[in-house]
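So the chains spell out like this:
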Amino acid sequence: MISRMVAAAARAFLVAILIALPAMMLPDVPSDSTQIVALLALLAALLTFVEYIAEYPSLVEFRNAPPFNRMRYVALLATVLILTLIARGTTQPTALTEALSGLGYAIGLAMDFPFSPVRLMVLVAPRDASPEALALIRTMAGLAYLISLTTMLIFVVVVRLLDWPIQKRAFNFWVNLPLFDPTTGGDILYRLKRDSHFNVALGFLLPFLAPAGLKMASSWGATPNLIEFQPLIWTMIAWSFLPASLIMRGVALMRIAALIEEKRRRAYAQADLQPA
């Protein structure tokens, strides 16, 4: 019980740091914004602590199937930290921020071709945005998208080469997929494969659809202000991380479906070998 409490507290602290990082590192953050971020970080930490201290799962998927959630957290933390350092470097430059900005600018230019997700995000910028602001948006979009693609590729390698999620322990379906009811809706294999294909397709399309949605919402004044640092950082993170997370979930569900199908095949073969 004590070890589970310590682990849950550590996870809650890491989640709170992740959310509060831009507000802590960026200069000249308004006090009202800082208070809102602190409240959100506290709520996220509380939810994380309650989820992980409980013996039975409620919301978090693949809780006992590392490194799925760990990879997502590390990728998210790296994206938040790098984008925050680049934004901080526009007013308080250092050798590190200059190096990150130069690298991100080169990556952004390489990925900024017609109809690419990065080009679409640049087009979402306000009409009165300065060339410097456009370059910053391109830099952040390129880096965020590259980190998300790298995370997905690493996870696919882990699934293919390291025999995830059964490399160390048996996979508990109920603990790792608490929101998936295997007793309703027909054959579980069909449902897993259907959800997998849906998640992968949606994750592939979102980087293209989200900028279009933001552009349409801009006519109603409902889009975040991409000139300010915090809205820009979190918009880029949501645009890049959510599709990557959906694709990773789709790959994971397809892997679980393959494991169940293989187990069924062995059970049927064993039943055929038994005398009638």
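Note that the structure is a prediction, hence the values are computed from the model and not measured.

Definitions and limits used
- Along each chain, residues carry numbers from 1 onward, in the same order as the chain's sequence is written.
- Side-chain atom pairs in this predicted model are given and counted only at pLDDT of 80 or more, local residue features only at pLDDT of at least 70, and totals for whole chains, interfaces and linings cover all residues.
- Processing note: side-chain calculations cover all non-hydrogen atoms of the structure and skip hydrogens and water entirely.
- A run of H or I in DSSP becomes a helix once it reaches four residues, and a run of E becomes a strand once it reaches two; helices and strands are each numbered from the N terminus.
- For every residue, the accessible area (1.4 Å probe, protein chains only) is compared with the maximum for its type, and the residue is labelled buried under 20%, exposed over 50%, or partly exposed between those bounds.
- Working rule for contacts: check all heavy atoms of both residues, and any pair within 4.5 Å makes them a contact.
- Within the patch definition used here, like charges are joined within 9 Å and nonpolar side chains (Val, Leu, Ile, Met, Phe, Trp, Tyr) within 5 Å, considering only residues with over 30% relative accessible area and no salt bridge.
- Computed with the Shrake-Rupley method and a 1.4 Å probe, the accessible areas treat only the protein chains shown as cover for residues.
- Salt bridges are counted wherever a side-chain nitrogen of Lys or Arg sits within 4 Å of a carboxyl oxygen of Asp or Glu.
- Only buried Ala, Val, Leu, Ile, Met, Phe, Trp, Tyr and Cys residues count toward a nonpolar core, and they belong to the same one when joined by side-chain atoms within 4.5 Å.
- In this tally, Asp and Glu contribute negative charge and Lys and Arg positive charge; neither His nor the terminal groups of the chain are included.
- Charge placement uses NZ in Lys and CZ in Arg. For Asp and Glu, CG and CD serve respectively.
- For this analysis, a polar contact is any N or O atom pair within 3.5 Å, provided that within protein one partner can donate a hydrogen and the other can accept it, and provided that sequence-adjacent residues contribute only side-chain to side-chain pairs.
- The span you would expect from a helix comes to 1.5 Å times its residue count less one.
- A score between 0 and 100, pLDDT records how confident the predictor is in each residue.

What to know about the overall build of the chain
1) Next: Helices and strands together make up the secondary structure of the chain, namely nine helices and zero strands.
2) Next: Secondary structure of the chain in N-to-C order comes out as α-α-α-α-α-α-α-α-α.
3) Next: C-alpha extents for the chain along the principal axes are approximately 80 × 50 × 40 Å.
4) Next: For the chain, with 276 residues in total, the buried portion stands at 42%.
5) Next: Across the chain, every contact between residues at least 6 apart in sequence was considered, and the portion connecting residues at least 24 apart equals 78%.

Structural notes on a nonpolar patch on the surface
1) Next: Taken together, Ile36, Leu39, Leu40 and Leu43 make up a surface patch of nonpolar side chains, about 390 Å² in accessible area.
2) Next: Structurally, the position occupied by leucine 43 is in helix H2 (residues 31–53).

Some remarks on the pattern of salt bridges
1) Next: Under the definition given, this model contains nine salt bridges.
2) Next: Across the pair arginine 264 and aspartate 187 runs a salt bridge whose closest N-O atoms are separated by 2.8 Å. One end of the pair, arginine 264, is in helix H9 (residues 229–273); the other, aspartate 187, is in the loop between helix H7 (173–176) and helix H8 (188–218), and 77 residues separate them in sequence.
3) Next: The salt bridge involving glutamate 262 is made with arginine 266; its shortest N-O contact spans 3.2 Å. With glutamate 262 and arginine 266 both in helix H9 and four residues apart, this pair spans about one turn of that helix.
4) Next: Residue glutamate 262 is classed as partly exposed on the basis of its relative accessible area of 37%.

A word on the nonpolar core
1) Next: Core analysis: the largest hydrophobic core is formed by 34 residues, its most contacted members being Leu83, Ile137, Met140, Leu232, Ile233, Met236 and Trp239.
2) Next: Where this core is concerned, the elements lending two or more residues are helix H1 (2–25), helix H3 (68–89), helix H4 (95–111), helix H5 (117–123), helix H6 (131–161) and H9.
3) Next: Among the elements that make up this core, the one with the highest residue count is H6 (eight residues).
4) Next: Ignoring anything within four residues of it in the chain, the contact list for methionine 140 reads Leu83, Ala87, Leu232, Ile233 and Met236.

Focus: a positive patch on the surface
1) Next: Together, Arg11, Arg70, Lys168 and Arg169 make up a region of like positive charge exposed at the surface.
2) Next: What makes arginine 70 exposed here is its relative accessible area of 53%.

Let's talk about the environment of lysine 215
1) Next: In this structure, lysine 215 sits in helix H8.
2) Next: Sequence-wise, lysine 215 and arginine 72 are 143 residues apart; in three dimensions their C-alpha atoms are separated by 28 Å.
3) Next: When residues no more than four places from it in sequence are discounted, the contact partners of lysine 215 are Leu123, Val124 and Ala125.

A look at the environment of serine 240
1) Next: One can find serine 240 in helix H9.
2) Next: Between the C-alpha atoms of serine 240 and glycine 142, which are 98 residues apart in sequence, the distance is 9.5 Å.
3) Next: Those residues in contact with serine 240, other than ones at most four positions away along the chain, are Ala144, Tyr145 and Ser148.

Thoughts on the side chain of serine 245
1) Next: Assignment of secondary structure puts serine 245 in helix H9.
2) Next: The exposure class assigned to serine 245 is buried, which follows from its relative accessible area of 10%.
3) Next: At 2.6 Å, the side chain of serine 245 forms a polar contact with the side chain of arginine 72.

Overview of H2
1) Next: Helix length check: H2, at 23 residues, gives a terminal C-alpha distance of 33 Å against a target of 33 Å (1.5 Å per residue), a fit within 8%.
2) Next: Turning to H2, its buried residues are Val37, Ala41, Ala44, Ala45, Thr48, Glu51, Tyr52 and Ile53.

Section: the confidence of the model for the chain
1) Next: Taken over all residues, the pLDDT of the chain has a mean of 89, while the share at 70 or more is 97%.
2) Next: Predicted confidence in the chain is weakest over H7, with a mean pLDDT of 85, and strongest over H3, with 95.

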